[in-house]
Every structure is written in structure tokens, then in C-alpha cells.
Amino acid sequence: MYKVEVVQNGVEAVNLVEAFKSEGYGQEEIFIFAHNRDRSEDMSEATDTGEIGMREQGIFESFGNLFKSRGDELRSKMRSLGLTQVEADKYEAELDKGHLVLVATKEAHEMNNTKTY
């Protein structure tokens, strides 16, 4: 079970993180995606939200991401949170536009609390 929202900027992302928390999602169950790796890390750090690590993706997929384009890596990470390929493609296209994508998932808490985006 997951929720996905697209926002325009960091202020909207912070507000949405708070909304997700008020709905019962823990900070380790909320993930922020940005096409720019530094922006993604900065947003995750600023909001103290989860990052997708080896446990969510598995060792082979995590290692494989080292050789993928950023778009392929992001779609792979979204898939590891339960999104379908069609959904991952759709939301990665939003990232291409400079938007942020937030995913809140209860399964993430059960998978891991690791922070490695």
C-alpha cells in the first residue's frame, strides 16, 4: 500500500511530508525523489525522510544501479517501493520536468530503515 504525490518545490514537499505523517506514515516510510541526486539527498536530509537502500532493492539491483542512467535508477527505486513499471515511468517523467515525487509506503518500514539514496 502506497501513496504517490507530485509537488513543484521543496516547500510543497515539506508540507506533504507533514501531511503524510499526520496520516500515520513514519518518516522512514516517506521517500522523496528528485532527478538531481544532490537535490534528492538534500530534501531527504531536510525532511528526515527515508532513503532507498540495499534491503529494499537487493544487492544485485543496488549494484546494477551504479551502471544505469539516473532515470533508470529512479524507476528501479520506485519499483522497489511497489510501483508498477507504468507508474514508475509516469513519475520519472515528472522528475524530468523538475518536479519532486513523494512516495509514502507502509511496506518500506517493514523492509528497512536504511538511508542510502
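Computed from a prediction, not measured in an experiment: that's the story for all the values here.

Turning our attention to the packing of aromatic side chains. Here a ring pair, both rings aromatic, is described through the centre-centre distance and the interplanar angle of the planes. Following the criterion strictly, the structure yields one aromatic pair and no others. On the basis of an interplanar angle of 65° and a centroid distance of 5.8 Å, the ring pair of phenylalanine 20 and tyrosine 25 is categorised as edge-to-face. Across this residue pair, the class does not change: phenylalanine 20 and tyrosine 25 are buried. Over the aromatic face of tyrosine 25 sits the side chain of lysine 106, whose NZ or CZ is 4.8 Å from the ring centroid.

Let's shift gears to the sheet that holds strand β1 (residues 2-7). The strand order across the open sheet formed by three strands is β1-β3-β2, and the pairing between neighbours is antiparallel. Both outer strands of the open sheet, β1 and β2 (30-33), are each paired with one neighbouring strand and no more. Averaged over all neighbouring strand pairs, the angle between strand axes comes to 20°, with direction disregarded. Note: β1 against strand β3 (residues 100-105), six bridges, orientation antiparallel. In the sheet register, tyrosine 2 faces β3, and the bridge partner there is threonine 105. Contacting β1, β2 and β3, helix α1 (residues 10-22) runs over the sheet at an angle of about 10° to β3.

Reading the values: the criteria
- Residues numbered from 1 in each chain as written.
- Predicted model: local features only at pLDDT ≥ 70, side-chain atom pairs only at ≥ 80, totals over all residues.
- Heavy atoms only, no water.
- Phe/Tyr/Trp six-rings, centres within 6.5 Å; stacked < 30°, edge-to-face > 60°.
- Buried < 20%, exposed > 50% of the residue type's maximum accessible area, 1.4 Å probe, protein only.
- Lys NZ or Arg CZ within 6 Å of the ring centre and 35° of its normal.
- Pairing = 2+ DSSP bridges.
- Helix = DSSP H or I, 4+ residues; strand = E, 2+ residues; numbered from the N terminus.
- Axes fitted to C-alpha atoms, helices over the stretch in contact; angles between N-to-C directions.
- Contact = heavy atoms within 4.5 Å.

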